[in-house]
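Architecture at a glance
Below are the chains, spelled out letter by letter.
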Amino acid sequence: MGSQGGIGQSKEFLDLVKSIGEARSKAEEDRIVLGEIETLKRRLVEPGIPKRKMKEYIIRLVYIEMLGHDASFGYIHAVKMTHDDSLFLKRTGYLAVTLFLNEDHDLIILIVNTIQKDLKSDNFLIVCAALNAVCKLINEETIPAVLPQVVELLGHQKEAVRKKAIMALHRFHQKSPSSVSHLVSNFRKRLCDNDPGVMGATLCPLLDLVNRDVSSFKDLVVSFVSILKQVAEHRLPKTYDYHQLPAPFIQIRLLKILGLLGSGDKQASEQMYMVVGDIFRKCDSSSNIGNAVLYQCVCCVSSIHPNPKLLESAADVIARFLKSDSHNLKYLGIDALGRLIKLSPEIAEQHQLAVIDCLEDPDDTLKRKTFELLHKMTKSSNVEVIVDRMIDYMISINDNHYKTDIVSRCVELAEQFAPSNQWFIQTMNRVFEHAGDLVNIKVAHNLMHLIAEGFGEDDDTEYTHLRSSAVDSYLRIIGAPKLPSVFLQVICWVLGEYGTADGKYSASYITGKLCDVAEAYSNDETVKAYAVTALMKIYACEMAAGRTVDILPECQTLIEELSASHSTDLQQRAYELQAVIALDAQTVENILPSDASSKEIEIDKNLPFLNDHVERAIEKGAQPYIPESERSGFSSASYLNSQDLHEVPPSHGLRFEAYELPKQPSVPLTTPPVSIGSSNELIPVPEPTYNRGTQAAVSLPSSSNAGPAEVKLRLDGVQKRWGRPTYSSSSASTSAAASQDTINGVTPPDGATTVTPAISKGRETTYEPTRKTQQAVEISPEKQKLAASLFGGSSKQERKSSLGGGHKTAAKPTGGHAAEAPAKKMAAPVQQPPPPDLLDLGEMTVATTGPLIDPFKQLEGLLDSVELASSTKNHVDVSAAKGPDAMAFYGDSATTVEQGGHHFSSIDDVDNLVSGLSSATTDASSGGGIPTSQLTTQNSKGPNLKDALQKDALVRQMGVNPSSQNPNLFKDLLG
């Protein structure tokens, strides 16, 4: 109707549309629609309705459904219209049916035959309409009815039919992958279709197939790269351009596929470097679709094997996104930065102020994305600032779902990077206090476990200090109103275990606090149970130590109250407490030993001490125990028949024995497995060319699918038994094959050394403030301090694999560097030069060799570290003086400095040697020779080349004169 402008429609229909559009309330609209429904119900049952009128009635039914009302009374008329020979009526019927029905509707069975007939029509428009209905209405059971016709249409002469046939097969794969598993070769053929639309439609099912099994499509990397290159070079017709960008949606799909195929595969990734670099250079970032392609390029670069030049291009794109005034582009920049930070952590430091601006942005979505980025870049030096920011944001929001997510992240970061035990306890207290009952109970149990076993320290003093800190903090918090139940459980447990351990607090004081908790939260049975158990532990500890137990009046009242409680659990705990108090000291010490909460208790599941009791019961006529595995099917019946049931004396209870089995035993029906033969077929896949191009042959792997038929039992003539549900016949179990997901990250092989390429300093892109910030020369001290807290310190990830080991390492750093024990010193690793890039066509970089320096002379103080640094700088400048090679854009070129028989790939490696020799000199002067292999890297005194370069780079980044600022501020920003 919209395309015809109302021509051909009756005045009555046009008045209906006009009246609904002019309705001033929902009630008035409903009144008009209900009146129209009554009118259509009356007219649809009239005999001899003209086809033109019936078409209008169907359209009016569609309009009623669009307004949210029920028009099911007219569904059958839409189904009948699909049988009409007229093209316009048939297409109208198919359109209405796809809008009215779902794939499980009862009327679907009436359309299957019509679809089968229309798929064989000579009119390609009718075939397209039938294929549209196939994508919407065919379910898993009816796929075999139309699958042969759809496969046959893949060779149709019309490109529109071939495209819709690919879409139908993709829909079949989504509903039932096994039904089209033998048709993978057809997707490979259509990838080389002469029509770009058919090729683009084929990329959708191929993307799903590659996501399921990457290894089976490694041979198509060359084909995908060739197609992407042709698209990027504008070799497709102009009709596929969108905002002057050649086929952007095809480019995005191809980049997704290449990112999957190049993940963890260096050889496949090297074939993609050239075309991805071309897209980085040619893509226009002035439109949204251009930015979408660039973002997908960044995602592809973060997935494939890393390349320095591509990482540099990706960093430039991220810088443009972050500098944009659009929140959407900033969101893309933060997300892309989170992907790229895994390969090159230094990139985040280049955009410190941009990240801080996004963290303080009023846009809630952008702020949450920034928190995800900070979670990925957390380390021991900035964990305090990041976790505090997360907790503050958690307090300010009301979304419980996102609160739960922030709680889990805060707990994870606190457990892995806690700088001290005191900070860990305080942080967990804030999380429990403000998150309420959103905290998972596993987090509370994990906290109690960590307090009981410590964080990996070998010193008992650390244990005592940790537990004392927890007791002190919980005694301060216990008086706060409306504490969450989970937090109160932790408090009661800690006070019961360690409340009187150090002697700082008396038993009367702790028990009084516990009684106050039980009285304040009288409606929470779990908290009261924890409180009573804590009281029992404290009294047991006092009795085992030989001290007199003085039960407070309020505690006695609580025990008497719980002894008469309706809860059997609370009653049992109260009676156990009274029984423990009445025992002697030695027995109490054996029952509740001190500080034994984390010790494992060995339990024999067979319970051998009950054997005598069981034998006596069987001798008295008790039934033997039937294992759970023998309680179903004929096994339980045969077991019961083997017993002498007639000798069992009658009992007053119900009898659950099965009836006697029929005389003729059941014969199992065995069906031989039916295997589906595999077809091996080599199909040449030419390179898709739209104007010109060559063809490339691609080998296809064989596909097979076989599965044995299920073996069933014939149960004819067997009377069903009735009794307990556990003794009923169970259905046969089926096993499902586990699917292995393909990880979409860069995973190096075992035993290989992953080399993280550093981005060239020459093209480093820094964050520039917005227009408002550019007007002000000075940056606010708050942002400078926050940047120093977030991005200071080492840039390496310090994730721990276990909870205990994580706190042991994270709890000891002091100042900016961690103090290491002499026994744990290790030799500083020497970085090996990266392997040469096969795509680097430029000249090879000549490695310069510096003068050899005797380390023993360095130890004796004959050569000063400042001279060595200056000497190293000269050699680096000589090698770096060479201009950039334009042909080596995709190479892994790196300047190598050879010093004393060792190889260094950057100035940082030379600094490591300088600081190592300087620290060795200090150790030698203090006495005790240390082997050369045991030298570690420590801070060196005097001027440092690395610090000077980093300060200079930061000054240029900030755009501020260093002489007008506090020099210590930039030192803090660098961490």
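Residues numbered from 1 in each chain as written. Predicted model: local features only at pLDDT ≥ 70, side-chain atom pairs only at ≥ 80, totals over all residues. Heavy atoms only, no water.

We now examine the overall build of the chain. A count of helical and extended segments in the chain gives 42 helices and nine strands. A buried classification covers 42% of the 975 residues belonging to the chain. The contacts of the chain with a sequence gap of at least 6 include a subset with a gap of at least 24, amounting to 70%. Working note: accessible area of the chain is about 53900 Å², and carbon and sulfur atoms make up 52% of it. (Helix = DSSP H or I, 4+ residues; strand = E, 2+ residues; numbered from the N terminus. Buried < 20%, exposed > 50% of the residue type's maximum accessible area, 1.4 Å probe, protein only. Contact = heavy atoms within 4.5 Å. Areas by Shrake-Rupley, 256 points an atom, 1.4 Å probe, with all protein chains shown as cover.)

This paragraph deals with the pattern of salt bridges. Following the criterion strictly, the structure yields 29 salt bridges and no others. Here Glu 12 makes a salt bridge to Arg 43, at a shortest N to O gap of 2.7 Å. Residue Glu 12 is found in helix α1 (residues 11-21), and its partner Arg 43 is found in helix α2 (residues 26-44); the two are separated by 31 residues along the sequence. Here Arg 60 ties to Glu 36 by a salt bridge, and the two come within 2.5 Å at their closest N and O atoms. (Salt bridge = Lys/Arg side-chain N within 4 Å of Asp/Glu carboxyl O.)

On the surface, Leu 607, Phe 609, Leu 610, Val 614 and Ile 618 cluster together to form a nonpolar patch covering roughly 450 Å² of accessible area. Mapped onto the elements of the fold, Phe 609 is located in the loop between α32 (585-591) and α33 (611-619). A relative accessible area of 64% places Phe 609 in the exposed class. (Patch = residues over 30% accessible without salt bridge, like charges linked within 9 Å, V, L, I, M, F, W, Y side chains within 5 Å.)

Let us now look at the nonpolar core. The nonpolar side chains of a soluble globular protein tend to be buried, and buried together. Ranked by size, the top nonpolar core spans 215 residues in total, and within it Leu 101, Ile 115, Phe 172, Phe 224 and Phe 280 carry the most contacts. In terms of residues, this core owes the most to one element, helix α29 (residues 525-544), which gives eleven residues. Among all residues touching Phe 280, those that are not within four sequence positions of it are Leu 294, Cys 297, Val 298, Val 301, Leu 310, Ser 313, Ala 314 and Val 317. (Core = buried A, V, L, I, M, F, W, Y, C linked by side-chain atoms within 4.5 Å.)

Attention now goes to a negative patch on the surface. Residues Asp 516, Glu 519, Glu 554 and Glu 561 make up a contiguous surface patch of negative charge. At the level of elements, α28 (507-520) and α30 (553-563) are the ones that each hand at least two residues to the negative patch. By secondary structure assignment, the location of Asp 516 is in helix α28. (Lys, Arg positive; Asp, Glu negative; His and termini not counted. Charge placed at Lys NZ, Arg CZ, Asp CG, Glu CD.)

For helix α3 (residues 51-66), spanning 16 residues, the distance from its first C-alpha to its last is 23 Å, which sits close to the expected 22 Å at 1.5 Å a residue. Taken together, the buried positions of α3 are Met 54, Glu 56, Tyr 57, Ile 58, Arg 60, Leu 61, Val 62, Tyr 63 and Ile 64. Looking at the buried positions of α3, the neighbouring elements they touch are α1, α2, α4 (75-81) and α5 (87-100). Positive phi shows up at Gly 68, right after α3, with a value of about 95°. (Expected span 1.5 Å × (residues − 1).)

Moving on to the packing of helix α22 (residues 383-396) against helix α23 (residues 400-417). Two elements in contact, α22 and α23, have axes separated by 10 Å at closest approach and are oriented at 160°. On the basis of their axis angle, the class for α22 and α23 is roughly antiparallel. Along this stretch, α22 crosses α23, giving a crossing that reads as left-handed. Seen from α22, the contacting residues are Val 383, Ile 386, Val 387, Met 390, Ile 391, Tyr 393 and Met 394; seen from α23, they are Tyr 402, Lys 403, Ile 406, Val 407, Arg 409, Cys 410, Leu 413 and Phe 417. (Axes fitted to C-alpha atoms, helices over the stretch in contact; angles between N-to-C directions. Parallel < 35°, antiparallel > 145°, perpendicular 65-115°, else oblique. Left-handed = near helix turned anticlockwise from the far one by under 90°.)

It is worth spelling out the packing of helix α6 (residues 109-118) against helix α8 (residues 143-152) at this point. At their nearest, the axes of α6 and α8 sit 10 Å apart, and the two run at 10° to each other. Here α8 runs roughly parallel to α6, going by the angle between their axes. In terms of crossing hand, the pair formed by α6 and α8 is left-handed. Listed contacts from α8 to Val 112, Ile 115 and Gln 116 of α6 are Ala 145, Val 146 and Gln 149. Taken together, the residues of the contact of α6 with α8 sort by class into four nonpolar, two polar and no charged. (Nonpolar A, V, L, I, M, F, W, Y, C, P; charged D, E, K, R; others polar.)

We now examine unusual backbone geometry. Of note in the backbone geometry, Ala 247 takes a positive phi value of approximately 40° without being a glycine. In this structure, Ala 247 sits in the loop between β2 (245-246) and α13 (248-261). One non-glycine residue with positive phi stands out, namely Leu 607, at about 50°. If you trace the backbone, Leu 607 turns up in the loop between α32 and α33. Here Leu 607 falls in the partly exposed class, since its relative accessible area comes to 37%.

This brings us to the packing of aromatic side chains. When we look at a pair of aromatic rings, we describe it by the centre distance and by the angle of the planes. Evaluated as defined, the whole model comprises eight aromatic pairs. Here Phe 371 and Tyr 393 contribute two aromatic rings whose centre-to-centre distance is 5.1 Å and whose plane-to-plane angle is 35°, an arrangement assigned as tilted. Taken together, the positions of Phe 371 in helix α21 (residues 364-376) and Tyr 393 in helix α22 put the pair 22 residues apart, joining distant regions of the chain. A ring pair is formed by Tyr 393 and Tyr 402, whose centres lie 6.1 Å apart and whose planes are at 80°; its orientation type is edge-to-face. Note on Tyr 393: relative accessible area 5%, which makes it buried. Through pairs of rings, three or more aromatic residues link up here, namely Phe 371, Tyr 393 and Tyr 402. Of note, Arg 368 hangs over the ring of Tyr 402, and the distance from its end group to the ring centre comes to 4.1 Å. (Phe/Tyr/Trp six-rings, centres within 6.5 Å; stacked < 30°, edge-to-face > 60°. Lys NZ or Arg CZ within 6 Å of the ring centre and 35° of its normal.)

Further remarks concern helix α17 (residues 308-323). Between the first and last C-alpha of α17 there are 23 Å, a value that for 16 residues agrees with the 22 Å anticipated at 1.5 Å per step. Counting buried positions along α17 gives 13 out of 16 residues, so the element sits mostly inside the fold. For α17, the N-terminal capping position is held by Asn 307, with its side-chain oxygen 3.1 Å away from the main-chain nitrogen of Lys 309. (Polar contact = N/O pair within 3.5 Å; in protein donor to acceptor, adjacent residues only side chain to side chain.)

On to the confidence of the model for the chain. On average, residues of the chain score 73 in pLDDT, and 64% of them are at 70 or above. Averaged pLDDT values over the elements of the chain bottom out at 39 in helix α42 (residues 967-973) and peak at 95 in α13. Of the regions scoring below 50 in pLDDT, residues 633-652 engages in 23 contacts with residues more than four places distant in sequence or in other chains. Ignoring residues within four places in sequence, the model shows residues 835-852, a span with pLDDT below 50, making 41 contacts including any to other chains. (pLDDT = per-residue confidence, 0-100.)

This paragraph deals with the environment of Val 231. Examined against the element boundaries, Val 231 turns out to sit in helix α12 (residues 221-232). C-alpha separation for the pair Val 231 and Pro 196, spaced 35 residues apart in sequence, amounts to 9.7 Å.

Secondary-structure assignment places Ala 168 in helix α9 (residues 159-175). Judged by relative accessible area, Ala 168 falls into the buried class, the value being 0%. A sequence separation of 21 residues divides Ala 168 from Leu 147, and the C-alpha atoms of the two residues are 9.1 Å apart. Every residue in contact with Ala 168, bar those within four places of it in the chain, is listed here: Leu 131, Val 134, Cys 135 and Val 150.

Here we take up the environment of Gln 489. When you line up the elements, Gln 489 lands in helix α27 (residues 485-498). Residue classification places Gln 489 among the buried positions, given a relative accessible area of 9%. Taking the C-alpha atoms as reference points, Gln 489 and Met 448, 41 residues apart in sequence, are found 9.7 Å from one another. Leaving out residues up to four positions away in the same chain, Gln 489 has contacts with Ile 441, Thr 526 and Tyr 530.

For the rest of this paragraph, the subject is the side chain of Asn 382. Mapped onto the elements, Asn 382 comes out in the loop between α21 and α22. The residues touching Asn 382, leaving out its near neighbours within four places in the chain, are Met 377, Ser 789 and Leu 790.

For the rest of this paragraph, the subject is the side chain of Ser 473. Within the element layout of this structure, Ser 473 appears in helix α26 (residues 460-477). Looking at Ser 473, its side chain comes within polar contact range of the side chain of Asn 429, at 3.3 Å. With residues up to four places along the chain from it excluded, the contact list for Ser 473 reads Ile 425 and Asn 429.

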